[in-house]
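Overview (structure and organization)
Residues per chain are reported as follows:
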Amino acid sequence: MKISFYLKIGVMLISFGAVLYAIQALRSRDVANKISDPQSALGILIGSDYRPLNWCPADTVKVEVYSFQGTLLKTLNSPEDLSAVCEIMMGTFSSEGIEEKAYRQRLVAIDAKGENKILQQHEGRPIFRVQGMPFSSPMLEKALVRIEAP
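Residues numbered from 1 in each chain as written. Predicted model: local features only at pLDDT ≥ 70, side-chain atom pairs only at ≥ 80, totals over all residues. Heavy atoms only, no water.

**Description of the overall build of the protein chain**
Quick reminder of the rule: For the purposes of this entry, the term helix denotes a DSSP run of H or I that reaches at least four residues, the term strand denotes a run of E that reaches at least two, and both are numbered from the N terminus. A contact between two residues is defined here by any heavy atoms of the two lying within 4.5 Å. Values of accessible area rely on a 1.4 Å probe in the Shrake-Rupley scheme; residue burial ignores everything except the protein chains shown.
Looking only at helices and strands, one finds 5 helices and 8 strands in the protein chain. Its helices and strands taken in sequence order, the protein chain reads α-α-α-β-β-β-α-β-β-β-β-β-α from the N to the C terminus. Across the protein chain, the fraction of contacts at a sequence separation of at least 24, relative to all contacts at a separation of at least 6, is 55%. As displayed, the protein chain offers around 9800 Å² of accessible surface, 59% of which is attributable to carbon and sulfur atoms.

**Some thoughts on the pattern of salt bridges**
What counts is decided by this rule: The working definition used for a salt bridge is a side-chain nitrogen of Lys or Arg within 4 Å of a carboxyl oxygen of Asp or Glu. The rule is simple: take the accessible area with a 1.4 Å probe, protein chains only, and divide by the maximum for that residue type; under 20% is buried, over 50% is exposed, in between is partly exposed.
The final tally for this structure, using the stated rule, is 2 salt bridges. Close ionic contact of K62 with E64 constitutes a salt bridge, the shortest N to O distance being 3.8 Å. The class for E64 is buried, based on a relative accessible area of 13%.

Interpretation in functional terms is not warranted from these geometric data alone.
Here it is in structure tokens:
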């Protein structure tokens, strides 16, 4: 037999070993933690419960941040801050114990025409709602805590 036959068999065996190693690596605890992290790109590629969402209008010029009591805390104008609160990862959540009246206005995105879009948050939980659609977003919760810090 020719050497190319043995070479092909060797490459196939090495490839098979690499596939088995990759399967075991994907089952590891470290990868499972990265998949469940809403800020991880690996979770999007492999298929976590988090999906990207841009809730702001296309031509947003500013976003107003409100406290749970309804007072205006900050107005965000820079592209970095707008991106941090507009382009978020949304996920699923358990709706047990969620009351309609517990949602408070947290963010108002205002576009160039002066029209606005409101994002509400459940008081005390990282559960948000835009146009009646509820979702969880730990990433947005972290951004709001960072923005509200003095």
